[in-house]
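One letter stands for each residue in the lines below.
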Amino acid sequence: MTRDEPTEEQVKASTARPDLGTEAGRLAFNSVLNARLPKKRLIAQGVLRTDGGRIALCELVYKQDWDLPGGIVDPGESPAHCVVREVREELGLDVNVRGLLAVNWLPPYRGWDDALLCLFDLGHVPEEVLADARLQAREIKAVHWADAQTVAERVAPYTAAMVAEVAMGAVDATAYLENSTPPEDA
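Treat the numbers as computed from the prediction; the structure is a model and nothing was measured.

Asks: Pulling in residues and values, what's your account of the overall build of the protein chain?
Replies: Helix and strand counts for the protein chain stand at six helices and seven strands. What you see in the protein chain, going N to C, is helices and strands ordered as α-α-β-β-β-α-β-β-α-β-α-α-β. Taking the principal axes of its C-alpha atoms as reference, the protein chain extends roughly 75 × 40 × 30 Å. Intrachain contacts of the protein chain at a sequence separation of at least 6 include 64% that bridge at least 24 residues. The protein chain carries 19 positive and 30 negative side-chain charges, and their two centres are separated by 5 Å.

Asks: Which residues make up the confidence of the model for the protein chain, and what are the values?
Replies: Across the protein chain, the average pLDDT comes to 90, with 92% of residues at 70 or higher. Summarising per-element confidence for the protein chain, the mean pLDDT is lowest in helix H1 (residues 8-15) (62) and highest in helix H3 (residues 79-91) (98).

Asks: Residue-level account of the packing of aromatic side chains, with values.
Replies: On inspection of all chains with the given rule, the structure shows one aromatic pair. Here the aromatic rings of tyrosine 109 and tyrosine 158 are separated by 5.1 Å at their centres, their planes lie at 75 degrees, and the arrangement is edge-to-face. Placement of tyrosine 109 in the loop between strand S4 (99-106) and strand S5 (115-124) and of tyrosine 158 in helix H6 (residues 157-165) is noted, with a sequence separation of 49 residues between them. Take tyrosine 109: its relative accessible area is 31%, and that puts it in the partly exposed class.

Asks: Lay out the layout of surface pockets in plain terms, naming residues and giving numbers.
Replies: The space that makes up the largest pocket amounts to roughly 700 Å³. Taken together, 33 residues line the largest pocket, and the ones lying closest to its centre are Arg41, Lys63, Asp67, Trp112 and Tyr158. When residues of the lining of the largest pocket are traced back to their parent elements, those giving at least two are strand S1 (41-50), strand S2 (54-60), strand S3 (70-72), H3, S5 and H6. Class assignment for the residues of the lining of the largest pocket results in 18 nonpolar, five polar and 10 charged.

Asks: Requested: an account of the pattern of salt bridges, with residues and values cited.
Replies: One pass over the structure, following the stated rule, counts nine salt bridges. In this structure, arginine 85 and aspartate 74 form a salt bridge, with 3.5 Å as the shortest nitrogen-oxygen distance. Of this pair, arginine 85 sits in helix H3 while aspartate 74 sits in the loop between S3 and H3, placing them 11 residues apart in sequence. Judged by its relative accessible area of 13%, arginine 85 falls in the buried class. Overall, the relative accessible area of 39% leaves aspartate 74 in the partly exposed class. The residue arginine 85 makes a salt bridge to glutamate 89 at a minimum N-O spacing of 3.1 Å. Of this pair, arginine 85 and glutamate 89 both sit in helix H3, separated by four residues, roughly a single helical turn. Given a relative accessible area of 39%, glutamate 89 falls into the partly exposed group.

Basis of the calculations
- Residue positions are given per chain, counting from 1 as you read along its sequence in written order.
- Local features in a predicted model are, by the rule used here, given only for residues with pLDDT of at least 70; side-chain atom pairs are given and counted only at 80 or more, and totals for whole chains, interfaces and linings are based on all residues.
- Side-chain descriptors were evaluated using all non-hydrogen atoms of the structure, hydrogens and water having been removed beforehand.
- Counting from the N terminus, the helices are DSSP H or I runs at least four residues long and the strands are E runs at least two residues long.
- Contacts are assigned to residue pairs with any non-hydrogen atoms lying within 4.5 Å of each other.
- Charged residues are defined here as Lys and Arg on the positive side and Asp and Glu on the negative side; His and the ends of the chain fall outside this count.
- Note on charges: their place is set at NZ of Lys, CZ of Arg, CG of Asp or CD of Glu.
- The predictor reports its confidence for every residue as pLDDT, a score running from 0 up to 100.
- Here a pair means two rings of Phe, Tyr or Trp (six-membered ring of Trp) with centres within 6.5 Å. Their orientation is stacked below 30 degrees between planes, edge-to-face above 60, and tilted elsewhere.
- Classification of residues uses two cut-offs on accessible area relative to the type maximum, computed with a 1.4 Å probe and protein chains only: under 20% is buried, over 50% is exposed, and between them is partly exposed.
- Points on a 1 Å grid over protein atoms alone make up a cavity when a 1.4 Å probe fits among them but cannot get out, and a pocket when they form an open set with protein on both sides within 12 Å along at least five of seven lines; lining residues each have an atom within 4 Å of a point.
- Grid points are joined across faces, edges and corners, and a volume is the space filled by probe spheres set on the points.
- Each residue is assigned to one class: nonpolar for Ala, Val, Leu, Ile, Met, Phe, Trp, Tyr, Cys and Pro, charged for Asp, Glu, Lys and Arg, and polar for all the others, Gly among them.
- Salt bridge, as used here: a side-chain nitrogen of Lys or Arg that lies within 4 Å of a carboxyl oxygen of Asp or Glu.

See the structure below:
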C-alpha cells in the first residue's frame, strides 16, 4: 500500500450511511443531498405602478431588452427581500412588497438554464418617484414609466406575456405561470 491509498477503515467510513437515528446523522444526510440535488435559479422582480396604467421598466447596461426591477435571489435570501434589496441597490428607492402577483417557471432562454421567477406587487407611487431614482451605473442606464404598448415593444417576449397575464400588476390574485402563460393542464 502506498501513502496515497486510503486504509480499509477510511474506505468503510467514506461509504457508510449516516445514522439517521441521530440528529448528527440526519444533518450529515441532508448535507449530502443538498450537495447532490439540482439547484434552480430564482429571480425576484417587481411591478411598480403609477397613474395612467404605467409600470416602471429599467433600461439595462448589459442587455438590449428593458426589464422589470429586481434580480437574482442570493443563497439564503427570500425572494421578497431580494426585490426590495435590488430596487434599493439599483434604483436607490425604498419599496415595500404588497403581495405576490405570479410565480412563473421559465424554460431555458438565451443560454440560461430554466428558472423560477417570483413577481411581486410593489404598489402604486407618484410619477415623481422615478425622478428621484439614483441609478447604479454599472447595471442601469435609465428607468422609465411604460404603458402596455411600450412594455410589449421593449421587454423580452416572456416578460411581455407575463406582465400582460397579470394585467400590468393590477390584479389581486396570484397567478401560476409556465413560460409566462397559465399551464394547459392546470
